[in-house]
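# Observations on the three-dimensional arrangement
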Amino acid sequence: MTWNIIKKQGLQLLRNPQQLLLLIGLPIILITILGTALSSWMNGENPDIRAKVAFVEHSNEKEQVEQFIDGLKETMPSGELESISGNVENLMVIDTLKNDIFGNEEIQEFVELDITNPSMLNQLKEDNTFTAIIEVPENFTYNMLEKIILDKNVEPSLSVLYNDTHQIGGSIVESIVTQFQEQFTLSVFVNKNELDQSVLQMDEDGIIGEVTTINQKNSITSKDYYSIGMAVMNVLFIAATIGSMALYEKKNLVFDRVILAGVSRWVYFIGVFLSGALFGFMQLMIIYLFAWIAFGVTWPNLLAFLVVTVFFSIAVGGVTVLLTALSYRINSEMITNFFSSIIVTIMAFLGGSFYPIGDSLVVIRTMGNFTPNGAGMSAYLSILRGDGLSEISEHILFLLIFAITTIIVAAFSFPKRGAVK
Amino acid sequence: MIELVELTKKFKQIHAVKNVSMFIEKGEIVGLLGPNGAGKSTAISMLSSLMEPTGGDVRYLNKSMLKNPAPLRKVTGMVPQEIALYTELTAEENLRFFGRLYRLRGTELNKKIDEVLEQIGLTDRRKEVVNKFSGGMKRRLNIGVAMLHDPELLIMDEPTVGIDPQSRNYILETVKRLNSEKQMTVLYTSHYMEEVEYLCDRIYILDKGNLIASGTQEQIKSILSTEKTILVQANRLTDEFVNAIKTNPTVNRIIVGEMEITIIVPKEVNIFSWLIKLAEESGLELSSVNIKTPTLEDVFLHLTGRALRD
Ligand SMILES: Nc1ncnc2c1ncn2[C@@H]1O[C@H](COP(=O)(O)OP(=O)(O)O)[C@@H](O)[C@H]1O
Ligand SMILES: [Mg+2]
C-alpha cells in the first residue's frame, strides 16, 4: 500500500519536468558556477581568507640555546664552538618558524600569528576562531640541537592542533608546517646557518616530529565544498515539493478518496515520509554522481558516505511529513512557500552551503550543526577529509534525533479523523 | 439502505447543515438539489464519513456509521465535486493507483480497469495523461475512479460542473445506465434542476442548510398546486414595468431575468389583461405571456423567493 503511494509520487515527480529541473538541474548548475568561480578563493590563494594561528612556547628559546652552548664548552674544540656560538640566532629554529616562515610577507597575507603564553592554552582550545594551535613543548630547541649537533637520541616534537571545522585555513597552516619541516630536513637550514654539514646529522622525520592532526587529512576543494553545500540545500526543496503535492491532494479531494478506500491516514502519512526520504536519497545520489563524474568528487569512505546520506535522507523525510502535516492543518500553501523561500535560505546559510561561515563565527557554526543540512554538510566534509564513522557519529545522531522529532511533531499536528476538512 | 437522521453541521461561523433527515433505498436515484452554498457537499461529506457531524446520525442497514464507517465505505463510491485525480498521470495509471487503494491487484485489477474505461468511454484514451483531457473527459474519469470497487451506492457531488452539454449528456446517460443495468443506487447532487428532474426518482431540496422540500417530482410539484407560474417575455424591460409588477398585491413572487420575468400568482388570479395593459403603458412589446408547467426551479422559487441559480 505504502509502495503504491511512493510509486505514484515518483511518477508525479517524473512527469514534472520543471520540478525535476529545479531539483536536479539547479544544484548541478550552482555547483558548477560556485565551484569554478570560487576555486581560487577556496584554495587559499585569496588574501580575504585569514587563518588565525596561536603559537605557544613553553620555554624561552634563547635561554635554551645559551644553555646548550654552555654545555658544549666542556667537550667541544674551541674552533668549532666559536662557529656555533657565533650563530646563536640561527640556531633558534622556532624563531625561524615564527619570523622567517610565518613572517614571510606572502604568508602574512592570510595567516595571522598570535603568540601567546602557555597559561592561555585551555582558553585557546575553547576559542573556535583559531584555525590551529602550534605548541612548542619545553626544551624543544635544546633537545633538537642535541639531536642535530650531538646526534643524541631524543625526539623533540612540535604539536599542532588543528581546528576540525576550519576547512580552508587548516590546509593552509598544514602546508606551512610541512614547508617548515622540509626547509629543516633539506639542507636549507644547514646552508643558511653555515654549519658544518658533518656536524649536522639531519634526520628527516625526527626534527619537527609528529604533527598531531585533528581532522585535516585531506584538503577540501571548492568543487567538493559546493557539491556538498548545494546537495544538502537542494534536497530540502524535495521536502517542500512533496509537501505541496500532498496539500494539493487534500485540496482536490484525492485525500478523501484515499480515506474512503479504507486506507488509514497513517499509511498515507508513512507514504509521505518514505517518499520524502527515498526521493531525497535519490536526489542526493544523482547530485553526487554528477559531482563525481564532472568534478571528481570522490568519497574515501564509501560506507560512511552512505550512512550519512541515509540518515540525512531520513531527516529530509521528517521535514517532508512535518511540512505536510502543518499544511494540512492550516490548509494553505503558506507553509511550504515560506519554507522553500525563507527557511531553506536561512538553514542553507547557517549550514554553510554558500560560504564556510562557521569558520569564523562559532555561534553560527553551532546553530548550523543544529540544522539537518548543516549537520549533513559537516559530516560529509569530515568524510572527505578522511574521517570514519566514529568521528561523525555526533552528526548522525543529531540527524536521527531531528528526524524522530519532526515525525513526532508531524504526527501530532496531522489532522485527526473527520477533522481533515 | 441509508438514512440520515437530523444531521447537523456547524462550522465556526456557519451553520452549514441543519437537522437534515433523508433516506436512500436500494436501486433508487435520489437527487439532492440546492444552490451553491446550500450545504450539499457538507451533507455528503458527513454521509460518506469524511466529516464528523455536529449532531445527528448516519445509519447504514440500521447501524450507526459514526463510530465505525468501514462497512459503509466499502459499499460507497464517491465522486467528489473537484477533479480528484492525478493530472500528471494517465487515465490508466490513475485507475491503477486508486484500484490498489481498494486492494485490487493482478488480473482482477486489470479486468476492472478495462471495464471501467469501457463504461466511461475512455478505452482508447487510457494511455493519455489527464492534463490533456477535456473537462468532460476528466469528469468521466473522476466518476470512473469511484466505480472500481463495484460500489452499491454511488454518491456524486455535482459531477457535471463546468463541462460542455455533450459530455453532460454522456454522464447523465451513464448514470441512468449504471442504475438500470447494474442496479446501482445513486445519490446525485446538483444545482441544475434539469439534471435532477431528468434522472431522479426522489428529490430533496436543500437551501441554506435546511431541507425545504422532499418527495417524488409529482409530490414536490404539487406544492405549486395553489399557484401558477407566468413567464413574460418582452423586447426589453423597464424599471417602471418591473416595479409595477412587484407592487401588485396579487403577485406572490417575481424573478427578473434579462428579457423575461417569471411571476407567481395564486391559481385563481388572472392578471393577463393587466400585464398587457401595463406593457402598453410602459411602451414595451411583449413577445409572449405563458403559463408554465411548474418546474423544480419554480418550486424552489416558490419556497425561497430566490432562483436556484443566481
Ligand atoms: N470546512 C468548512 N469550514 C467552514 N465553512 C465551510 C466549510 N465547508 C463548507 N463551509 C460553508 O458551509 C456552507 C455550505 O457549503 P457546501 O456544503 O460546500 O455547499 P454546497 O456544496 O451546497 O455548495 C457554505 O457557506 C460554505 O462556505
Ligand atoms: Mg458543493
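All values reported here derive from a predicted model rather than from experimental measurement.

Residue and element names in this part refer to chain B. If you check the domain split of chain B, you get domain 1 (2–216) and domain 2 (225–304). Between the C-alpha centres of domain 1 and domain 2 the distance comes to 37 Å. Each side of the interface is counted separately: domain 1 has eleven residues, and domain 2 has seven residues. Its largest share of buried area at the contact with domain 2, domain 1 owes to Met 193, Ile 205 and Ile 212, together 54% of the area lost on that side. Taken together, the elements giving at least two residues each to the side of domain 1 that touches domain 2 come down to α7 (193–199), β9 (202–207) and β10 (210–216). The dominant element in the side of domain 1 that touches domain 2, judged by the number of residues it contributes, is β9, at four residues. Its residues assigned to classes, the side of domain 1 that touches domain 2 comprises nine nonpolar, no polar and two charged.

What follows is about the site of ligand 1. All names here are of chain B. Phe 11, Ile 14, Ala 16, Pro 35, Asn 36, Gly 37, Ala 38, Gly 39, Lys 40, Ser 41, Thr 42 and Gln 81 make up every residue found near ligand 1. Within the side chain of Thr 42, one N or O atom sits 2.5 Å away from an oxygen atom of ligand 1. A total of 560 Å² of accessible area belongs to ligand 1 in isolation, and the protein chains cover 66% of it. It is helix α1 (residues 40–47) that provides the largest number of residues to the shell around ligand 1, a total of three residues. Residues of the shell around ligand 1, tallied by class, amount to five nonpolar, six polar and one charged.

Turning to the interface of chain A and chain B, a few remarks are in order. Each partner contributes residues to the interface: chain A has 25 residues there, and chain B has 33 residues. Each partner contributes to the roughly 2700 Å² buried at the junction of chain A and chain B, and carbon and sulfur atoms together form 58% of this total. Viewed at the interface, chain B and chain A are joined by one salt bridge. For the salt bridge of Glu 93 of chain B with Arg 15 of chain A, the shortest nitrogen-to-oxygen distance reads 2.7 Å. Applying the counting criterion to the chain A and chain B interface returns ten residue pairs in polar contact (both at pLDDT 80 or more). Only α1 (2–14), α13 (222–251) and α14 (254–260) of chain A provide two or more residues apiece to the side of chain A that touches chain B. Broken down by class, the residue content of the side of chain A that touches chain B amounts to ten nonpolar, six polar and nine charged.

Rules of the game
- Residues numbered from 1 in each chain as written.
- Chains lettered and ligands numbered in written order.
- Predicted model: local features only at pLDDT ≥ 70, side-chain atom pairs only at ≥ 80, totals over all residues.
- Heavy atoms only, no water.
- Domains from an automatic or database assignment.
- Contact = heavy atoms within 4.5 Å.
- Buried area = accessible area lost by both parts, 1.4 Å probe.
- Helix = DSSP H or I, 4+ residues; strand = E, 2+ residues; numbered from the N terminus.
- Nonpolar A, V, L, I, M, F, W, Y, C, P; charged D, E, K, R; others polar.
- Near = heavy atom within 4 Å.
- Polar contact = N/O pair within 3.5 Å; in protein donor to acceptor, adjacent residues only side chain to side chain.
- Areas by Shrake-Rupley, 256 points an atom, 1.4 Å probe, with all protein chains shown as cover.
- Salt bridge = Lys/Arg side-chain N within 4 Å of Asp/Glu carboxyl O.

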